[in-house]
Each structure stands twice: as C-alpha cells, then as structure tokens.
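Listed here are the chains, written in short residue letters.
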Amino acid sequence: MKLGIVFGTRPEVIKVAPVYLKAKELGVDVVAIATAQHRQMMDMMLDVFGMKPDYDMDIMTENQSLNGVAAKVLVKLEEIIKKENLDWIFVQGDTTTAMAGALAAFHMGVKVGHIEAGLRSGNLRDPFPEEMNRRVIDQVSDLMFAPTINARKNLLKEGFEKERIIVTGNTVVDALLYVQEKFDLDAIRKKYVAEEGYVLVTLHRRENWGEKMEEILSGIRKFSEEYDIPIVFPVHLNPRVRKTVKKVLEGYEKAILLEPVGYITFLSLLKGARIIASDSGGIQEEAPSFGKFVIVCRNTTERPELIDSGYGILAGTGQSSVYKSLVKGLEIKIDKSKNPFGDGNAALRILKAVI
Ligand code: UDP
C-alpha cells in the first residue's frame, strides 16, 4: 500500500504531521505532497515536525484565485499520482488544496481518505469556500475520518454509509501533545510576553475581512481598555487583515502585535492566555487542551463541541456582541475534566483503518 498525503497551508501541516510521522514509524510507504497554497506559513510549520515534502508544487502566486489554486493542484497532482502509483491519497480539512487533491485522486480511481471529515456549519457560503470544500471532499472519500461523534452524525444525516466513517479524534490533539512533550512552553512564551493573563487574538477568515474585522477588533479593544487586560495578537500575513489591524490597534499601548509566530510559540501563547478571541477553526480545537475559553468571532461554527462542552461561545462579529462575549467568558467556570476533541491517538486510528 502506497499513501500520498497532500497539504498546502499551516493548519493542514499541523493536522497531517501526526499521520505522516506515525506512518513512517509504522513502516508505511508514504509520500508527502505539498501544494504550498500558503508558501511561508506552510514552510514555518514543516520545520516544527521535521517534515520534508517529497514533492512541492509551489503553486502560490500573488492575488491567487480559488480557481487558479484548484486548477494547478488538479493538474500537478495527476502527474504525481501517476509517477508514484499511489493507492491512497489523504487530504485534511477544507482548503482548496484538499478539495482539489481529493478530486484529482477520485478522477484517477485512487482511494481518498478525508482527515477531519464531517464538519459542517450548515451554510454553504459560510465559511467560504471551506464549507463547500468539505462537502465535496466527503462525497468522493472512501474513508471519512470523523474527529468527533458529532461529525459522524453529520455524515450519517447526509446519507453516507456507516462503513465509510470512522471516529478517530482530531489529529490536532496528537500534534499538540507532541509539541508539549518536546518543549518548555512557559519559557518560550516569556520571550514574547512577560506576563500571563492576556486576551490572545487571531483573525484571518475571508468572510471577516473589512468592516466585520473592524467591528470585532473594536469590541476586543473596548474590553481590553475597560478590564485592563492586554491584547496579544500574532497578525496574519494577509494584507487585508493587516490594514484593519493597523487602523484599530496601531498605537494602542496595551496591544502587543506580533508577526505570525511559529506553532510552538503559538501554543505557548495559548497556554499563557486568560481568554481567546479568534475566528480560526484549529484554535477552537486547541484551546480545550490548555483549559482555555474561546470567543468565536463568527456567526457559525462547525465545531459545536466547543460550545456544548462549555469551552466557548459564538460571539458573532459585531462590536457589542464581541465585547459582551469576552466579559461573559471571564466569568464562566469551565469543567476541565474532558477534552471534546480527542485523546492524542487519532493518527494511529486513521492508519490502522487503511492498513
Ligand atoms: N497558529 C500558529 N501561529 C499563529 C497563529 C496560529 O502556528 O501565529 C496555528 C494554530 O495553533 C492553529 C493553526 O495555526 O493550529 C490555525 O491556523 P489558522 O487559524 O490559520 O487556520 P484555521 O484553523 O482557521 O483553518
């Protein structure tokens, strides 16, 4: 059995790395295929896990369109699949890389495994284009690795055969445990932020660009001013995001604005945070492992487990709702006995299923 793992962005690397490393450990013939949809951010992450792509499509261009990315991945992956004679392609999550990767494999009769299958916001256009991507990937997957029971339920509701679905836990927990074991996170955090107890912010989603992001950041700033809690914000490289951050937070003395930080540093920042405000998907899954509460700055989440387990709240994107959610989050007592996203053995379950 020969397995190809396709990835192109930061979160994909984090979540496929445990599967790649475990495959190597188990002696599986595995090929790492990078699309480099997000060149810099993907590369930063590969170093953390000591991963070196066997193929690098290097597709990223300035102002790249979704169609441009998908077209390049479709064509280039076909060549690699042919050359390597792959039996399985694994894709992760909901990026354009993952969608086109799954489709290319499907077209060629190669089996598809979807890591983190079954997440749904219920709105085809939010998050855009991710909700569409995940639905398309599941349609063409031979095996769907659902991270939670809830994700499995979503798939069953859509009529997928239960034999195609395996509940594995989320590989993000595997990745996080790997890092926690290897590094002293408190010492790393101190290099960036001396004191614990800040609001950690990350924002990058396309549907929040512009006015919505301005509203969200204004709500966070108001909270920071009134409660005297500093903001720590590694700012995404996207110029649209940077413009808004500059407008709302530049010159504010309680805001520590950082360049995007490496994964290990980011986890150290998570560990030292009092509360988190984010529109990220992955961070919703990481925060419970550190016992932290997340204000999700979006109108929908495909990770209801976060809300159901009491680790988060859907804050929307208005200034006042973001502010109020942060205030609420400060008061809430979390039951930290359970991690809704996994136990750190997801990669092993995924590989056992295909072996
Ligand atoms: N992350 C990071 N550095 C940062 C911000 C985030 O390494 O400066 C990590 C974070 O730990 C999480 C992942 O990037 O695992 C989330 O990526 P992102 O928010 O870009 O994407 P999403 O999860 O929303 O698809």
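Residues numbered from 1 in each chain as written. Predicted model: local features only at pLDDT ≥ 70, side-chain atom pairs only at ≥ 80, totals over all residues. Heavy atoms only, no water.

1. Some words on the nonpolar core
Here's step 1: In this structure, Ile5, Phe7, Phe90, Leu200 and Tyr263 are the most contacted members of the largest nonpolar core, which totals 59 residues.
Here's step 2: For this core, the element with the highest residue contribution is helix α1 (residues 10–26), accounting for seven residues.
Here's step 3: Of all hydrophobic cores here, the second largest spans 30 residues; its members include Val199, Ile220, Val245 and Ala277. (Core = buried A, V, L, I, M, F, W, Y, C linked by side-chain atoms within 4.5 Å. Buried < 20%, exposed > 50% of the residue type's maximum accessible area, 1.4 Å probe, protein only. Helix = DSSP H or I, 4+ residues; strand = E, 2+ residues; numbered from the N terminus.)

2. Topic: the pairing of strand β4 (residues 88–92)
On any regular strand, side chains alternate: one points to one face of the sheet, the next to the other face.
Here's step 1: With five of its five residues buried, β4 lies for the most part within the structure.
Here's step 2: Judged by which residues are buried, β4 turns out to be covered on both faces: Trp88, Phe90 and Gln92 on one side and Ile89 and Val91 on the other are all buried.
Here's step 3: Pairing between strand β1 (residues 2–7) and β4: three bridges, direction parallel. Opposite Ile5, over in β4, you have Phe90 as the bridge partner.
Here's step 4: By the bridge criterion, five bridges tie β4 to strand β5 (residues 111–115) in an arrangement that is parallel. Within the sheet, the bridge partner assigned to Ile89 lies in β5 and is Val112. (Pairing = 2+ DSSP bridges.)

3. Details of the sheet that holds β1
Here's step 1: Taken in spatial order, the seven strands of this open sheet run β3-β2-β1-β4-β5-β6-β7, and their pairing is parallel. At either end of the open sheet lies a strand with only one pairing partner, and these are β3 (55–56) and β7 (165–167).

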